[in-house]
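Chain residues, written in single-letter form:
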Amino acid sequence: MEDYRPMQTIAHANLKEIVERIAQRMAAATERGKPAAYIPELAKVDVNRFGIAVAPIGGEVIAAGDAEVPFSIQSISKVFTLTLALEKAGDRVWERVGREPSGNPFNSIVQLEYEKGRPRNPFINAGAIAVADILLAGRAPEAAVQDILAFLRDLAGDDSIGIDASVAASEARTGYRNLALANFMRAEGNLEHPVADTVEVYFRHCAIAMTCRQLAKAGRFLAAAGQPDESQAAVVSQLRARRINALMLTCGHYDASGEFAFRVGIPGKSGVGGGILGSIPGIASVAAWCPGLDANGNSVLASKAFEELAQATGWSVFGPVPVPSDRD
Ligand code: GLN
């Protein structure tokens, strides 16, 4: 066991070195994937970007590369909308969406019909649209969007977080599949509000732009058993944080969730903007971003960065990993 160590905090200076080394390697990588093309505005983002930020519990954020550049958080927003929906509706959320990995692409329609309009989980598009419908109860669409923004600003301690209007418009113009999902759920009685209102909330929260630093800070409550900081009130209960982490691990990367667990072993949520938010329970939250995607719609280099981080730190919910040598 000498060559192994359990999950533990890493001294600031060492962690900084690890994070900076990862950023340098990712900046130099040549296999970078391709930005999402089905949302035209996302296809314009420079694939050479790479950013990473680690927010240790009770510690200072460590950031490297393009960690201060805002990007489209896309499906990562679904972690925060689920959190808000659970706070608003409690376990009734699970009457509308399941908690099982889908084993299908994020925008798949076929499973939804088999399963009578109840999406497999809150992180595929259909599930997040149902969650948006829950957030709309008693709220106008714009108010529901502002609730989500306020939540993120509060978590990140940063009022500058906003929506990229051109991404939201681009998605609304081309979001035929999402409209199909929403219409189907409405037909099955699993949407309570007009389809146009529900997808408006969905498109707009997907178009929220954040930096790696902001995102890592916003996600820290998940790693910190619901309470990001001792001086602040809990965001959610310990049990709820644990359950959201579980869903991130099992469903956070769509039909590549198993692969991410296998390679990285950290609860994570990806978005087609190229970001990944990771939660390392008891230790830290991490955000990494590079716009180039693989065939499943997950960032090639953000995934790789997580894999290298897990190897270098020993951070994995599945137990110790070998301490790497000094060689790359
Ligand atoms: N807004 C995107 C969509 O609806 C979100 C997908 C994603 O990030 N995987 O297609």
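Structural data are supplied above this passage.
Residues numbered from 1 in each chain as written. Predicted model: local features only at pLDDT ≥ 70, side-chain atom pairs only at ≥ 80, totals over all residues. Heavy atoms only, no water.

Participant: Any chance you could break down the overall build of the protein for me, citing the residues and the numbers?
Facilitator: Broken down by element type, the protein carries 14 helices and 10 strands. At 19 Å, the protein has a C-alpha radius of gyration in line with the 20 Å of a compact globule built from 328 residues. Taking all 328 residues of the protein together, 55% fall into the buried category. Contacts in the protein between residues far apart in sequence, at least 24 positions, make up 69% of those at least 6 positions apart. (Helix = DSSP H or I, 4+ residues; strand = E, 2+ residues; numbered from the N terminus. Rg over C-alpha atoms; globule rule 2.2 N^0.38 Å. Buried < 20%, exposed > 50% of the residue type's maximum accessible area, 1.4 Å probe, protein only. Contact = heavy atoms within 4.5 Å.)

Participant: If you had to explain the pairing of strand β8 (residues 275-280) to someone new, which residues and values would you point to?
Facilitator: Of all six residues making up β8, six are buried, and the element is well covered by its neighbours. Side chains G275, L277 and S279 of β8 all project onto a buried face; the interleaved residues I276, G278 and I280 project onto the opposite face, where all are buried too. The pairing of strand β7 (residues 268-270) with β8 spans three bridges and is classified as antiparallel. Residue pairing in the sheet places G268 in a bridge with G278 of β8. Pairing of β8 with strand β9 (residues 284-289), which is carried by six bridges, proceeds in the antiparallel orientation. Opposite S279, over in β9, you have S285 as the bridge partner. Taking the residues between adjacent antiparallel strands as the criterion, β8 and β9 are bridged by three residues, where G282 takes a positive phi near 85°. (Pairing = 2+ DSSP bridges.)

Participant: I'd like to hear about the site of the ligand, residue by residue, with values.
Facilitator: Inspection of the region around the ligand gives Y38, Q74, S75, F106, N125, E171, N178, Y202, C206, Y254, G271 and V272 as its neighbouring residues. Within the side chain of Y38, a nitrogen or oxygen atom sits 2.5 Å from an oxygen atom of the ligand. Within the backbone of V272, an N or O atom sits 2.8 Å from an oxygen atom of the ligand. Coverage of the ligand by the protein chains reaches 100% of its 300 Å² of free accessible surface. Within the shell around the ligand, the residues separate by chemical class into six nonpolar, five polar and one charged. (Near = heavy atom within 4 Å. Polar contact = N/O pair within 3.5 Å; in protein donor to acceptor, adjacent residues only side chain to side chain. Areas by Shrake-Rupley, 256 points an atom, 1.4 Å probe, with all protein chains shown as cover. Nonpolar A, V, L, I, M, F, W, Y, C, P; charged D, E, K, R; others polar.)

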